[in-house]
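So the chains spell out like this:
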Amino acid sequence: MTSQYHETMAAWRKNPEAFFGDVAKEIDWFTPWETVFDPQAGVYGHWFTGATCNMCYNALDRHVAGDRADQTALIYDSPVTSTKKHYTYREILDEVVALAAVLRAQGVEKGDRVIIYMPMVPEAGFAMLACARLGAIHSVVFGGFAAKELAARIDDAQPKVIVSASCGIETTRIIDYKPLLDQAIAFSSAKPPACIILQRPQKPCSLVEGRDIDYTKAVGEARAAGTQVDCVPVHAPDPLYILYTSGTTGKPKGVVHDTGGLMVMLKWTMWHEFGVKPGEVFFCSSDVGWIVGHHYIVYGPLLHGATSILYEGKPVGTPDAGAYWRVIAEHGAVGLFTAPTAFRAIKKEDPEGLLIKNFDLSKFRNLFLAGERGDPETIKWAENKLGVPVIDHWWQTESGSPISHNPVGLGMLPVKYGSPGVPMPGYDVQVVDDNCDPVEAGTLGNVVIRLPLPPGALPTLWQADERFCEAYLEEFPGYYKTADAGIIDDDGYIFIMSRTDDIINVAGHRLSTGAMEEVVAAHPNVAECAVIGIADPLKGQVPLGLVVLNSGVDRDAAEVEREVVQLVRERIGAVAALKQVIVIKRLPKTRSGKILRATMQKLADHQEWTMPATIDDPLIMDEIGEAMSRHGLGEGAQTAKG
Ligand SMILES: CCC(=O)SCCNC(=O)CCNC(=O)[C@H](O)C(C)(C)COP(=O)(O)OP(=O)(O)OC[C@H]1O[C@@H](n2cnc3c(N)ncnc32)[C@H](O)[C@@H]1OP(=O)(O)O
């Protein structure tokens, strides 16, 4: 099949408003838009101004009113609880209406915030849809975050209700969610009046009298009472949700996504980019707490009338490295969307891919990888073992949809290993130097996107227009700063090489080393510290902490190192994956006091490095090299190359 990519891009470039106005016909609107894009609205403009709509209506009601009421909408597959359950569109609608009634009884109305802090259970998706039905704004918080992180999100979002669960299950380990929730509420200054708690049989929890409501009981009662809750019309630019992502400080950024533009973009991507037809089964193995889970477990497949798989398990260990193949075969998935880390974990356990042969993958057409750079070795291994196209694509929590892709629905373009493909309609991607001047093809620079961003991308940060401008719009006037450095080649393929800020990518999780440093510095024995991202064969990158102790502290270094690791786990959560901390004598700095993080990272990663001319004392690099060697890092990298 020849690709329609170039024609599609030409149509978009010729008239972006006509292009997206046409795409928007796939959505049912309560009232039509007055303007496809209004550059005067919001910070840099709003899409589909004047239109009213509802996400839940488009994801559920219209399919039930049409011919999909009895089609399976969601398959919950949980090897960790030995549960498999199919939900039809009608069944989900019933559940969502009842849950919306429960939320409304707690005073949740249009524009109110609801935090969802849940493991990978269908109720997490139902809660998102129930909020959408009411026009309330949800904010899902990933379960791997600790109480302090949850508290920061509660304080920022000021939710009327929190929907949570008694526990989650990480392979074989039970994670008590409820004590974390209680602690977070104790830490936060905004006290939500009500919490709706799903009691899981694996470990029920105690409920706080007068605040906590049993999810199952309340939803059951609302259903028995037959309480009807109609979809509340919202304006297309009204926020559907807030999703917090790491900022360069400990305060996370509340990325807002609107309602109308997002529906338009997600519906379009399901076929044109992911090649999924309505009625087919799609498996996105991310967590609902990430944007990938929001969009390709919940909203995208349901908007499209497809069947989505919500998988509570891991690529390995539940029970083995054949877990994904079992899910694909059993439910007839046509596509899998996962992170390269998952494939590296599978490859490590089953290097020959022998387990793949145990399953009938005849319906499986494409593997999609995102969340971190897809390394060519992993991509080639997957191609070779699975015999299907392996499509790396690049996007961000902020963009909401793939910025670059190899659009299977439009027809595959040739693959270039190491590149996450070509820009998608709506994204005018450029590479510029630090003065915002375009660089030549093939030259490394700052990857930026010419404004406006397409429908579905963030219009701002939650109640923080100024922070939004400062973080994304000010450095390169007229462009959105992706904070990624990369190259565009002569054929228009994008290559993403690194971040330009202190964000690192650990197993597809975006983490701020600055935020980790704030926690490490809080240890009473630590005088100063640096956290850097170093290469890891499984997770892509992992954080490494380097700490200098207060003078006079003569404690066992290993003991302090263990305490610092534990502190980060307690304050940020297991997701931070900070497992190695090294006590050193001094941090290398420039004469103006800037810590030389990049030089230490190169040393740890055995890369060539140059002694910075401005370093205040070159001997410090020898000390660091020796300390790293003692911890099994950076051997042989102690001599400066230059
Ligand atoms: C394109 C736009 C974007 O980038 S959106 C972000 C996309 N990223 C993703 O979808 C994430 C992809 N990664 C994954 O799904 C996982 O990392 C995979 C590959 C499955 C590996 O999982 P796992 O073995 O648990 O490693 P990990 O590094 O994720 O976990 C670190 C520690 O955190 C824990 N954890 C994980 N999830 C939870 C959770 N929901 N609740 C509580 N704890 C959680 C893990 O158990 C692990 O703990 P520990 O350190 O082993 O004790």
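Residues numbered from 1 in each chain as written. Predicted model: local features only at pLDDT ≥ 70, side-chain atom pairs only at ≥ 80, totals over all residues. Heavy atoms only, no water.

Quick note on the threshold: UniProt positions are given in the numbering used here, feature names are shortened, and annotations may be inferred rather than shown by experiment.
Looking at an unreviewed UniProt entry, one finds the protein chain named Propionyl-CoA synthetase and attributed to Tianweitania populi. Quoted straight from UniProt, the Sequence similarities (unreviewed entry) entry for the protein chain says "Belongs to the ATP-dependent AMP-binding enzyme family."

## Some words on the overall build of the protein chain
Going by this rule: Each helix is a run of H or I in the DSSP string that is no shorter than four residues. Each strand is a run of E no shorter than two, and both are numbered from the N terminus. Only C-alpha atoms enter the radius of gyration, while the globule expectation follows 2.2 Å times N to the 0.38, with N the number of residues. Burial status follows relative accessibility: with a 1.4 Å probe on protein chains alone, a residue under 20% of its type maximum counts as buried, one over 50% as exposed, and anything between as partly exposed. Here, two residues are considered to be in contact whenever any of their heavy atoms come within 4.5 Å of each other. Accessible surface area values rest on a Shrake-Rupley calculation with a 1.4 Å probe, where residue burial reflects the displayed protein chains alone. Just so you know, the count uses Lys and Arg for positive and Asp and Glu for negative, and it drops His and the chain ends. Note that the charge is assigned to NZ on lysines, CZ on arginines, CG on aspartates and CD on glutamates.
Scanning the protein chain from terminus to terminus reveals 18 helices and 31 strands. Against the compact-globule benchmark of 26 Å for 642 residues, the protein chain has a radius of gyration of 24 Å, which places it among compact chains. The buried share of the protein chain, taken over its 642 residues, is 62%. Look at the contacts in the protein chain between residues 6 or more apart in sequence, and 70% of them connect residues 24 or more apart. Carbon together with sulfur atoms contributes 51% to the accessible area of the protein chain, which is approximately 24200 Å² in total. Computing the positive centroid from 59 side-chain charges and the negative centroid from 80, the protein chain places the two 3 Å apart.

## Observations concerning the confidence of the model for the protein chain
For the record, the criterion: You can read pLDDT as the predictor saying how much it trusts each residue, on a scale of 0 to 100.
Averaged over all residues, the pLDDT of the protein chain is 96; the fraction at 70 or higher stands at 98%. A low-confidence stretch, residues 637-642 (pLDDT under 50), is modelled with 17 contacts involving residues beyond four sequence positions or located in other chains. As a predicted assembly, this complex carries a pTM of 0.95 together with an ipTM value of 0.95.

## Some remarks on the site of the ligand
Put simply, the test is: Distances are taken per atom, and a residue is near a molecule or strand as soon as one of its heavy atoms is within 4 Å of it. Here a polar contact means two N or O atoms within 3.5 Å. Within protein one must be a hydrogen donor candidate and the other an acceptor candidate, and residues neighboring in sequence count only if both atoms are side-chain atoms. Residues are grouped as follows: Ala, Val, Leu, Ile, Met, Phe, Trp, Tyr, Cys and Pro are nonpolar; Asp, Glu, Lys and Arg are charged; every other residue, Gly included, is polar.
In the region of the ligand, 26 residues are neighbours, and E170, S286, K314, K539 and R569 sit closest. The contact in question runs from a nitrogen atom of the ligand to an N or O atom on the side chain of Y177, over 3.2 Å. Within the shell around the ligand, the residues separate by chemical class into 12 nonpolar, seven polar and seven charged.

## What to know about helix α8 (residues 215-225)
Operational definition: Our arc is simply the arc of the directions from the helix axis toward the C-beta atoms.
Considered for burial, the residues of α8 that qualify are Y215, A218, V219 and A222. Here the buried residues of α8 occupy an arc of 95° about the axis, which is enough to place them on one side. In this structure, α8 carries K217 and A224 as exposed residues pointing more than 90 degrees from its buried face. Those residues of α8 hidden inside the fold are in contact with α4 (89-105), α5 (122-134), β8 (161-165), β11 (194-198) and β12 (212-214). Measuring from the backbone nitrogen of T216 back to the side-chain oxygen at the start of α8 gives 3.0 Å, which picks out D214 as the cap. Positive phi appears at G226, one or two residues downstream of α8, with a value of about 65°.

## Structural notes on the nonpolar core
Let me state the cut-off plainly: For our purposes a nonpolar core is just a set of buried Ala, Val, Leu, Ile, Met, Phe, Trp, Tyr and Cys residues, chained together by side-chain atoms within 4.5 Å.
Ranked by size, the top nonpolar core spans 128 residues in total, and within it F48, L60, L103, L129, V163 and F337 carry the most contacts. A total of 11 residues in this core trace back to one element, the largest contributor, which is α4. When neighbours within four sequence positions are excluded, L103 is seen to be in contact with V108, V114, A130, C131, L134, V161, V163 and I196. In terms of nonpolar packing, the next biggest core, distinct from the first, is built from 45 residues, V531, I532, L549 and I624 among them.

## Some details on the UniProt feature "domain: AMP-binding enzyme C-terminal" (unreviewed entry) in the protein chain
Mapped onto this numbering, the UniProt entry gives "domain: AMP-binding enzyme C-terminal" (unreviewed entry) at residues 516-594. Along residues 516-594, the helical share is 27% and the strand share 33%, with 18 Å between the first and last C-alpha atoms.

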